[in-house]
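A structural walkthrough
Below are the chains, spelled out letter by letter.
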Amino acid sequence: MRQPSLFGQMQGELVGSFLLVFFGTGSVAVAVLTGAHQGLWQVATVWGFAIGLTIYAVGAVSGAHLNPAVSVAMAVFRGQDFPWRKVGPYVAAQMVGGVLASLVLLGMFGATCRHFEAEHQLVRGQPGSQLSAMWFGEYFPNPAVYGTDATAFSQVSVVGGFLGEMIGTALLLFFIMALTDKCNKLAPLETNFHPFLIGFVVACIIGIVAPLTQAGLNPMRDFAPRLVSYFAGWGAIAIPGPRGCEWWVYLVAPLFGGLLGAFIYQTLVLPHQTGERIAAGGD
């Protein structure tokens, strides 16, 4: 079957990234601003199902990277299928989709957010207002769990936040590589069940990492909404962040983590896979 053009693949990434941010960031907005989601696992479940469904929707068009960390790791370790020349266009399309979804969510929940800020005596853009900004970009420690004061900051250092995002994204890419490996006899490629499992992986990681860093695991998922919140009045609380480093931690740590997780799979596991998968495209 003929592969879609690069522009068509970019459209797939744009639509997929819109859906990921709309459902994922939207679930955080509902949990933070309204309390309608009770418990972290409810938010994680929405994230997981949304990612699985989005992969089913656009995966045949673009591969459904939806994440610059995935695009970079695929270019490094599976360059025969995804060359470096596609990384820039993919990331650009992902960012556009994320920004558009964030603008839609701002329109939907803007009034609710203002009520939340008034109720909690938050001044948008001032210290502590990351509690209302956290449904856009992420913060460490998680403001809804630890609070926003110096005591909270002392419990999760910058190094701790970086490690949380790096390890979480490493786990994500490790499982993506495993679940999409044509040589992995147990990868459910013929049944097309792997999108659901990738979504479940994300939910599991969120269940562990989110209390520390909100589990961004995706430079686009953090920076696109963060950019919208910057212009929506949060200013320096959004970029560079209350510690002055949030904007780059959530960009750099997932990129390193994605490469680490893909490297571990490709070097420690893949060489020992022996099951050739003719039906999944093996030679």
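For the structure, see preceding data.
These notes cover the structure that comes with them.

When helices and strands are counted, the protein chain shows 11 helices and zero strands. Ordered by position from N to C terminus, the α and β elements of the protein chain give α-α-α-α-α-α-α-α-α-α-α. Taken against the 2.2 N^0.38 rule, which gives 19 Å for 283 residues, the C-alpha radius of gyration of the protein chain at 19 Å falls within 12% of a compact globule. Projected onto its principal axes, the C-alpha coordinates of the protein chain cover approximately 65 × 35 × 35 Å. In the protein chain, which comprises 283 residues, the share counted as buried stands at 51%. Nonlocal contacts in the protein chain, meaning residues at least 24 apart in sequence, comprise 74% of its contacts between residues at least 6 apart.

Another point: the pattern of salt bridges. Under the criterion given, the structure shown has three salt bridges. Ionic pairing is found between Arg124 and Glu117, a salt bridge with its closest N-O pair at 3.0 Å. Since its relative accessible area comes to 6%, Glu117 is described here as buried. Here Glu138 ties to Arg221 by a salt bridge, and the two come within 2.5 Å at their closest N and O atoms. Of this pair, Glu138 sits in the loop between helix H5 (130-133) and helix H6 (143-146) while Arg221 sits in helix H10 (residues 219-234); the two residues are 83 residues apart in sequence, bridging distant segments of the chain. We note that Glu138, like Arg221, is buried.

Another point: a nonpolar patch on the surface. Together, Trp41, Phe49, Leu53, Tyr56, Phe193, Phe196 and Phe200 line one region of the surface with nonpolar side chains, adding up to about 740 Å² of accessible area. Counting residues per element, the ones that place at least two in the nonpolar patch are helix H2 (40-62) and helix H9 (194-213). The greatest single-element share of the nonpolar patch, amounting to four residues, is contributed by H2. Following the sequence through the fold, Phe193 ends up in the loop between helix H8 (158-179) and H9.

Let us now look at the packing of helix H4 (residues 87-119) against H10. Packed helices, taken two at a time, are described by the angle between their axes plus the distance between the axes. Viewed as axis vectors pointing N to C, H4 and H10 meet at an angle of 45°, and their least axial separation amounts to 9 Å. When the axis of H4 is compared with that of H10, the two are oblique. As for how H4 packs across H10, the hand of that crossing is right-handed. Of the residues in H10, those in contact with Gln94, Met95, Gly98, Val99, Ser102, Leu103, Leu106, Cys113 and Glu117 of H4 are Met220, Phe223, Ala224, Pro225, Val228, Ala232 and Trp234. The class makeup of the residues in the contact of H4 with H10 is 12 nonpolar, three polar and one charged.

Geometrically, the link from Phe140 to Pro141 is a cis peptide bond, its omega value of -5° lying close to zero. Here Pro141 shows up in the loop between H5 and H6. Following Ile239, the chain continues to Pro240 via a peptide bond in cis, the omega torsion being 15°. Of note in the backbone geometry, Ala64 takes a positive phi value of approximately 50° without being a glycine. Considering the arrangement of structural elements, one finds Ala64 in the loop between H2 and helix H3 (68-77).

Here H10 contains 16 residues, and its C-alpha end-to-end distance of 19 Å is more than 12% below the 22 Å for a straight helix at 1.5 Å per residue. Among all positions of H10, only Pro219, Met220, Arg221, Asp222, Phe223, Ala224, Pro225, Arg226, Val228, Ser229 and Trp234 are buried. Packed against the buried residues of H10 are helix H1 (6-34), H2, H3, H4, H5 and helix H11 (246-269). N-cap assignment for H10: the residue whose side-chain oxygen lies 2.9 Å from the backbone N of Met220 is Asn218. Just downstream of H10 lies Gly235, where phi reads positive at about 50°.

Scanning the entire structure with this criterion turns up 13 aromatic pairs. Summarising the aromatic geometry, the rings of Phe82 and Tyr90 are spaced 4.8 Å apart at their centres and angled 70° between planes, so their arrangement reads as edge-to-face. The pair Phe82 / Tyr90 is uniform in exposure class, with both members buried. Relative to Phe231, the ring of Tyr230 lies with its centre 5.1 Å away and its plane at 85°, an arrangement referred to as edge-to-face. Classification of Phe231 as exposed rests on a relative accessible area of 66%. One aromatic cluster in this structure is built from Phe109, Trp135, Phe136 and Trp234.

Parameters at a glance
- Counting from 1, residues in each chain are numbered in the order their sequence is written.
- Under the rules for a predicted model, residues below a pLDDT of 70 receive no local features and side-chain atom pairs below 80 are neither given nor counted, while totals for whole chains, interfaces and linings still include all residues.
- Each side-chain value is worked out from all heavy atoms of the structure, with water and hydrogens disregarded.
- Runs of E in the DSSP output that reach at least two residues are strands. Runs of H or I that reach at least four are helices, and both are numbered from the N terminus.
- Taken over C-alpha atoms, the radius of gyration is set against a globule rule of 2.2 Å times the number of residues to the power 0.38.
- When accessible area is computed with a 1.4 Å probe and restricted to protein chains, residues below 20% of their type maximum are described as buried, those above 50% as exposed, and intermediate ones as partly exposed.
- By definition, residues are in contact when any of their heavy atoms lie within 4.5 Å.
- Definition used for salt bridges: Asp or Glu carboxyl oxygen within 4 Å of a side-chain nitrogen of Lys or Arg.
- Candidates for patches are residues over 30% relative accessible area with no salt bridge; among them, like charges are joined within 9 Å and nonpolar side chains (Val, Leu, Ile, Met, Phe, Trp, Tyr) within 5 Å.
- For the accessible areas, the method is Shrake-Rupley and the probe is 1.4 Å, while residue cover comes only from the protein chains on display.
- Comment: axis = line fitted to C-alpha atoms, over the contacting stretch for helices; angle = value between 0 and 180 degrees taken between N-to-C directions.
- When describing relative orientation, an angle under 35 degrees is termed roughly parallel and one over 145 degrees roughly antiparallel, while 65 to 115 degrees is termed roughly perpendicular and anything else oblique.
- Working rule for handedness: look at the near helix, and if it is turned counterclockwise from the far one by less than a right angle, call the crossing left-handed; if clockwise, right-handed.
- Charged means Asp, Glu, Lys or Arg here, nonpolar means Ala, Val, Leu, Ile, Met, Phe, Trp, Tyr, Cys or Pro, and polar covers whatever is left, Gly included.
- Each residue after the first adds 1.5 Å to the expected span of a helix.
- In protein, a polar contact requires one atom able to donate a hydrogen and another able to accept it; more generally it is a pair of N or O atoms within 3.5 Å, and residues adjacent in sequence count only if both atoms are side-chain atoms.
- A pair of aromatic rings is counted whenever rings of Phe, Tyr or Trp (Trp by its six-membered ring) have centres within 6.5 Å, and the orientation is called stacked for planes under 30 degrees apart, edge-to-face for over 60 and tilted otherwise.

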